[in-house]
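Structural characterization, general
For reference, the chains in residue letters:
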Amino acid sequence: MRNQGSSLTRALSLLDAFDKGDGELTLTELADRAGLPKSTAHRLVGDLVRWRALERTPNGLRLGMRLFELGHLVPSPRELRDIALPYLEDLHTTTRKTVNLAVRDGIDIVYVEKLLAPNEPVPHSRAGGRLPMHCTALGKAILAYSTPGLLDEVVAAGLRRMTPKTIQDPKALRAELATVRERRIAYDVEESRIGLHCVAAPLFDRRGEIVAAVSVTGMQSRSTARQLAPAVLTASLSLSRQLGA
């Protein structure tokens, strides 16, 4: 969102200016990222601070607690997380790896829950964070069972290179998704971050439609990731049954 449109649109563009790792931003940084004059940004920031969408800090501004409160009221991901959490905890205990739950938002995945392995951090993702679908096991697990039109959107947007191992050839991506559909398992082999391997499986609702994916991630070898596939698949089948699939 840029500086066209209503005051609401411009205010939202200031919130949208924050990115992963941005604990706080200065007014100048916010204005520049949102494409707004500094005077306009200053006026809108005042409104957002009063509404608690932003909070002032000694060095700038940060996202406010009101957004955190509203985020926890979003029904679908919150309800999904509540249902999934016991299965995620079992998978976390069994594998001793980081366990993730993610849903689709546009052509990205958004992490709904993340249970961390205590001695093996996965720093490139977090609950509430997002990554491209084409380079993550979670994204591929969702994409494989989505409509062909979604895959066309992902390809048209460009298969962004996250690491030297990211799939950037549309034909190769389509072939891998066909394999995912055959095995109901998807892999990320250092495609989103060098050194990390991830194995994921899809989750379906009572209508048999894809709603999310669950995964295990770690600083492991490809062979170890494949050994974890049965546990991930078992969790996804059990959770899909719980969801009514």
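In what follows, the structure referred to is the one given above.
Residues numbered from 1 in each chain as written. Predicted model: local features only at pLDDT ≥ 70, side-chain atom pairs only at ≥ 80, totals over all residues. Heavy atoms only, no water.

Moving on to the overall build of the protein chain. Of regular secondary structure, the protein chain possesses 9 helices and 8 strands. Per-residue burial for the protein chain yields a buried fraction of 45% across its 245 residues. Within the protein chain, residue pairs in contact and separated by at least 24 positions form 54% of the contacts whose partners lie at least 6 positions apart. On the protein chain, roughly 12,700 Å² of surface is accessible, and the fraction owed to carbon and sulfur atoms is 52%. (Helix = DSSP H or I, 4+ residues; strand = E, 2+ residues; numbered from the N terminus. Buried < 20%, exposed > 50% of the residue type's maximum accessible area, 1.4 Å probe, protein only. Contact = heavy atoms within 4.5 Å. Areas by Shrake-Rupley, 256 points an atom, 1.4 Å probe, with all protein chains shown as cover.)

Bringing helix 7 (residues 148-157) into the picture now. Buried residues of helix 7: Leu-150, Leu-151 and Val-154, and no others. Along the long axis of helix 7, the arc covered by the buried residues comes to 100 degrees, so they all point the same way. In helix 7, the exposed residues that point more than 90 degrees away from the buried face are Pro-148 and Ala-156. After helix 7 finishes, the residue Gly-158 shows a positive phi value of roughly 95 degrees. (Arc of directions from axis to C-beta.)

Take the environment of Leu-67 next. Note that Leu-67 resides in helix 4 (residues 65-71). Separated by 14 residues in the primary sequence, Leu-67 and Ala-53 place their C-alpha atoms 5.7 Å from one another. Each residue touching Leu-67, except ones within four places of it in the same chain, is listed here: Leu-15, Trp-51, Arg-52 and Ala-53.

What follows deals with the nonpolar core. Counting 26 residues, the largest nonpolar core has Leu-101 and Val-199 as the members making the most contacts within it. Going through the elements one at a time, helix 5 (75-95), strand 3 (98-105), strand 4 (108-115), strand 6 (186-189), strand 7 (197-204), strand 8 (210-218) and helix 9 (222-243) are the ones with two or more residues in this core. Element by element, the count of residues in this core is highest for helix 9, at 6 residues. Counting 23 residues, the second largest nonpolar core, distinct from the first, contains Ile-142, Leu-150, Leu-159 and Val-180. (Core = buried A, V, L, I, M, F, W, Y, C linked by side-chain atoms within 4.5 Å.)

Further remarks concern the packing of helix 2 (residues 27-34) against helix 3 (residues 38-50). For the pair helix 2 and helix 3, the least separation of the axes is 9 Å and the interaxial angle reads 110 degrees. Between helix 2 and helix 3, the interaxial angle falls into the category roughly perpendicular. Residues Leu-27, Thr-28, Leu-30 and Ala-31 of helix 2 lie in contact with helix 3, whose contacting residues are Lys-38, Ala-41, His-42 and Val-45. Along the lines of polarity and charge, the residues of the contact of helix 2 with helix 3 split into 5 nonpolar, 2 polar and 1 charged. (Axes fitted to C-alpha atoms, helices over the stretch in contact; angles between N-to-C directions. Parallel < 35°, antiparallel > 145°, perpendicular 65-115°, else oblique. Nonpolar A, V, L, I, M, F, W, Y, C, P; charged D, E, K, R; others polar.)

What follows is about unusual backbone geometry. When glycine is set aside, most residues are seen to have a negative phi, and most peptide bonds are trans. Its identity as a non-glycine residue notwithstanding, Arg-96 has a phi of 60 degrees, on the positive side. Residue position: Arg-96 is located in the loop between helix 5 and strand 3. Residue classification places Arg-96 among the exposed residues on the basis of a relative accessible area of 69%. A positive phi angle is found at Glu-190, which is not glycine, with a value near 60 degrees. Along the chain, the position of Glu-190 falls in the loop between strand 6 and strand 7.

As a further point, take the environment of Lys-38. When you line up the elements, Lys-38 lands in helix 3. Residues Lys-38 and Thr-28, 10 residues apart in the sequence, show an inter-C-alpha distance of 6.5 Å. Excluding residues that lie within four positions of it along the chain, Lys-38 makes contacts with Leu-27, Thr-28 and Ala-31.

Okay, the sheet that holds strand 4 next. Spatial strand order, 5-4-3-8-7-6: 6 strands in an open sheet with antiparallel pairing. In this open sheet, the two strands that pair with only one neighbour each are strand 5 (130-132) and strand 6. Shown here is a sheet whose adjacent strand axes are inclined to one another by a mean of 30 degrees, direction ignored. With 7 bridges joining them, strand 3 and strand 4 adopt antiparallel strand pairing. Residue pairing for strand 4: Arg-104 is matched across the bridge by Ile-109. The strands that helix 9 touches are strand 6, strand 7 and strand 8; relative to strand 7, the one it contacts most, it runs at about 15 degrees. (Pairing = 2+ DSSP bridges.)

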